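Notes for the structure review
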Amino acid sequence: HSMGLYECVMTTRNTTPFHVLHGLMKEVSLKVVEGGGIVRSIQNHGIRDLPHRFRARFPDKEGNRYFEKGRFVSVFYDSNPKTMRQVESILQINNDVLRNTHLKARNKLWFINIAREDRNPYIQRILEQEQQQQQQQQQQ
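Residues numbered from 1 in each chain as written. Predicted model: local features only at pLDDT ≥ 70, side-chain atom pairs only at ≥ 80, totals over all residues. Heavy atoms only, no water.

**Here we look at the sheet that holds strand β1 (residues 4-13)**
With antiparallel pairing, the four strands of this open sheet are ordered in space as β2-β3-β1-β4. Each end of this open sheet is capped by a strand with a single partner; those strands are β2 (38-55) and β4 (97-104). Here the average twist between neighbouring strands, direction ignored, is 20°. Where β1 lies against β4, seven bridges are found, and the strand directions are antiparallel. Residue Glu-7 lies in a different strand from β4, and its bridge partner there is Leu-103. Contacts between helix α1 (residues 18-34) and the sheet are confined to β1, β2, β3 (66-79) and β4, with β2 contributing the most and set at about 130° to the helix. Relative to β4, helix α2 (residues 81-93) is tilted by about 165°, and along the sheet it contacts β1, β3 and β4. (Pairing = 2+ DSSP bridges. Helix = DSSP H or I, 4+ residues; strand = E, 2+ residues; numbered from the N terminus. Axes fitted to C-alpha atoms, helices over the stretch in contact; angles between N-to-C directions. Contact = heavy atoms within 4.5 Å.)

Take a look at the structure:
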């Protein structure tokens, strides 16, 4: 299998404790490494307002099910497509992850060092997709 550079952008509940997020990142990293891949960078973009209310599958300990804010995290890694799908399924079954999107990075070095979201075309693309979805829902 050929290796690709992926960026996984996930939105987690803003209420998730740091040690829980740390555990999730370790689990994802371990899966990548076990699959022969390399984790290049993990970036915590912090808590920000969501483009619309996100609904979690299950309420958190305080009973919150709808989230106006979320923590955005990017994981850049090289792996084969099979490992990428395994990472996706880890994130899909995790109740703290509200959304996750995998993008194939175009150039191995371009975006690794861009921590600023306003200059990161991937984060911009996800925010645009969310905006479009929101507009389509409003039109229906």
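**Here we look at the pattern of salt bridges**
Counted according to the given criterion, the structure contains three salt bridges. Two residues, Arg-13 and Asp-96, come together in a salt bridge whose shortest N-O distance is 3.8 Å. Placement of Arg-13 in strand β1 and of Asp-96 in the loop between α2 and β4 is noted, with a sequence separation of 83 residues between them. In this structure Arg-13 comes out as buried when scored by relative accessible area, which is 2%. Here Asp-78 makes a salt bridge to Arg-40, at a shortest N to O gap of 2.3 Å. With Asp-78 in strand β3 and Arg-40 in strand β2, this pair connects stretches of sequence that are 38 residues apart. Of the residues examined, Asp-78 reaches a relative accessible area of 4% and is grouped as buried. (Salt bridge = Lys/Arg side-chain N within 4 Å of Asp/Glu carboxyl O. Buried < 20%, exposed > 50% of the residue type's maximum accessible area, 1.4 Å probe, protein only.)

**What to know about the nonpolar core**
Core analysis: the largest hydrophobic core is formed by 15 residues, its most contacted members being Met-10, Leu-24, Met-25, Val-28, Tyr-77, Val-87 and Leu-91. Sorting the residues of this core by element identifies β1, α1, β3 and α2 as the ones contributing at least two each. With residues near it in sequence (within four places) discarded, Met-25 still touches Met-10, Ile-42, Val-73 and Val-75. (Core = buried A, V, L, I, M, F, W, Y, C linked by side-chain atoms within 4.5 Å.)

**Some thoughts on α2**
Between its first and last C-alpha atoms α2 spans 19 Å; for 13 residues at 1.5 Å apiece the expected length is 18 Å, and the two agree. Residues of α2 that are buried include every one of Thr-83, Met-84, Val-87, Ile-90 and Leu-91, and no others. Viewed end-on, α2 has its buried residues packed into an arc of 115°, placing them on one side of the element. Against β1, α1, β3 and β4 lie the buried residues of α2. (Expected span 1.5 Å × (residues − 1). Arc of directions from axis to C-beta.)

**Observations concerning the packing of aromatic side chains**
Counted according to the given criterion, the structure contains one aromatic pair. With centroids separated by 5.7 Å and ring planes inclined at 40°, the aromatic side chains of Tyr-6 and Tyr-77 adopt a geometry described as tilted. Placement of Tyr-6 in strand β1 and of Tyr-77 in strand β3 is noted, with a sequence separation of 71 residues between them. One exposure class covers both Tyr-6 and Tyr-77, and it is buried. Note that Arg-53 overlies the ring of Tyr-66, its terminal NZ or CZ placed 4.0 Å from the centroid. The ring of Phe-54 is capped by Arg-99, whose NZ or CZ atom sits 3.9 Å from the centre of that ring. (Phe/Tyr/Trp six-rings, centres within 6.5 Å; stacked < 30°, edge-to-face > 60°. Lys NZ or Arg CZ within 6 Å of the ring centre and 35° of its normal.)

**Side note on the layout of surface pockets**
The volume enclosed by the largest pocket comes to roughly 200 Å³. Tallied by class, the residues present in the lining of the largest pocket amount to four nonpolar, three polar and five charged. (1 Å grid on protein atoms, 1.4 Å probe; cavity = no way out; pocket = protein on both sides within 12 Å on 5 of 7 lines; lining within 4 Å. Points joined across faces, edges and corners; volume = space filled by probe spheres on them. Nonpolar A, V, L, I, M, F, W, Y, C, P; charged D, E, K, R; others polar.)

Take it as geometry only, folks, not as evidence of what the structure does.
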